[in-house]
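Structural overview
Below, each chain spelled out in residue letters.
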Amino acid sequence: KPLIQDLRLKDVQFVFTSSSQIIFYEKSSADYPARVWSLNTKTLAFNLLINGEPGMLLHESSDTTLFFRSTAPNNFLILNRAFQEITPVVFATLPSKCDGSESAKTVFCFVPQVFSEEELQGLSLPDDYLKNKIYTNDDVYSINLDSGETKKIFQGGASAGIFDAKNVVTANNKIYFM
């Protein structure tokens, strides 16, 4: 008996969150909706977690205990493995600019400083950012997952340095990025 008869996915990322769960999601574009699916390898339960949303970006934490999700306009969420929101977030950023772990109870995010409406006009987000057509100047925030407390721990800028962080990874309370 086939588990999946006809499922067409484009540019898929697989994440093994446990020995019995695989999350897979389509990489997104402003032009087409991306979906997120879960497969339980023991029960073969196959579930749609997020129905298609154009421009949705998703990124898993380096230890796969958290997911970071953004959709336009300026909607950013920190999710657990069940895709439930963990704590409210007071800023918008791109998922690849964050990392943390549920066990450490802390997330670090590089948050782009505000773009003017003029700068955003004519852009196709997230596509133009992913194609390196635009760059950001980021501040760094920490989020306590228990209390929800958010602190700006670094202000980017000319005197402090300009950072457009990507592929953020945290380990032993240190932040690594490209």
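**As for the nonpolar core**
- Formed by 13 residues in total, the largest nonpolar core has its most connected members in Phe68, Phe76, Ile78, Phe91, Val107 and Cys109.
- Counting only elements with at least two residues in this core, the list comes to β7 (75–79), β9 (106–112) and β10 (138–144).
- The greatest single-element share of this core, amounting to three residues, is contributed by β9.
- With residues near it in sequence (within four places) discarded, isoleucine 78 still touches Leu66, Phe67, Phe68, Gln84, Glu85, Ile86, Thr87, Val89, Val107, Ile143 and Leu145.
- Ranked by size, the runner-up nonpolar core spans 12 residues in total, among them Val15, Ile23, Val36 and Leu79.

**With respect to the packing of aromatic side chains**
- Following the criterion strictly, the structure yields 10 aromatic pairs and no others.
- Both rings, one in phenylalanine 68 and one in phenylalanine 76, keep their centres 6.4 Å apart while their planes meet at 5 degrees; by these two values the pair is stacked. The burial state of phenylalanine 68 is the same as that of phenylalanine 76; both residues are buried.
- Here the aromatic residues Phe14, Phe24, Trp37 and Phe46 are joined through ring pairs into a cluster of three or more.
- When the ring centre of tyrosine 129 is taken as origin, the NZ or CZ atom of lysine 166, which lies over that ring, is 5.0 Å away.

**Digging into the pattern of salt bridges**
- The tally for this structure, following the rule as stated, stands at seven salt bridges.
- A salt bridge links aspartate 139 to lysine 152; the nearest nitrogen and oxygen atoms lie 3.4 Å apart. One end of the pair, aspartate 139, is in strand β10; the other, lysine 152, is in strand β11 (residues 150–154), and 13 residues separate them in sequence.
- Several salt bridges share partner residues, and in doing so they unite Lys97, Asp138 and Asp164 into one network.

**Remarks on the state of the cysteines**
- Enumeration according to the criterion identifies one disulfide in this entry.
- Here cysteine 98 pairs with cysteine 109 through a disulfide, and the sulfurs are 2.1 Å apart. Its S-S torsion of about 120 degrees marks the bond between cysteine 98 and cysteine 109 as right-handed, since a negative value means left-handed. In this pair, cysteine 98 sits in strand β8 (residues 98–101) while cysteine 109 sits in strand β9, placing the two residues 11 residues apart along the sequence.
- The class for cysteine 98 is buried, based on a relative accessible area of 0%.

The rules behind these values
- Here the residue numbers are simple positions, counted from 1 along each chain's written sequence.
- Residues qualify for local features only when their pLDDT is at least 70, as the model is predicted, and side-chain atom pairs are given and counted only at 80 or more; totals for whole chains, interfaces and linings, by contrast, use all residues.
- The side-chain values count all of the structure's non-hydrogen atoms but skip hydrogen atoms and water molecules.
- For the purposes of this section, nonpolar cores are sets of buried Ala, Val, Leu, Ile, Met, Phe, Trp, Tyr and Cys residues that join through side-chain atoms within 4.5 Å.
- Three labels apply to residues, based on accessible area from a 1.4 Å probe with only protein chains included: buried if under 20% of the type maximum, exposed if over 50%, partly exposed otherwise in between.
- Helix and strand assignments follow DSSP, with helices taken as H or I runs no shorter than four residues and strands as E runs no shorter than two, numbered in order from the N terminus.
- For this analysis, residues touch if any pair of their heavy atoms sits within 4.5 Å.
- For this analysis, a ring pair means two rings from Phe, Tyr or Trp (six-membered ring only for Trp) whose centres lie within 6.5 Å, classed as stacked if their planes differ by under 30 degrees, edge-to-face if by over 60, and tilted for the remaining angles.
- Two thresholds decide whether a charge sits over a ring: the Lys NZ or Arg CZ must be within 6 Å of the ring centre and within 35 degrees of the ring normal.
- Only one rule defines a salt bridge in this text: a Lys or Arg side-chain nitrogen within 4 Å of an Asp or Glu carboxyl oxygen.
- A pair of sulfur atoms, both from cysteines and within 2.5 Å, is called a disulfide here.

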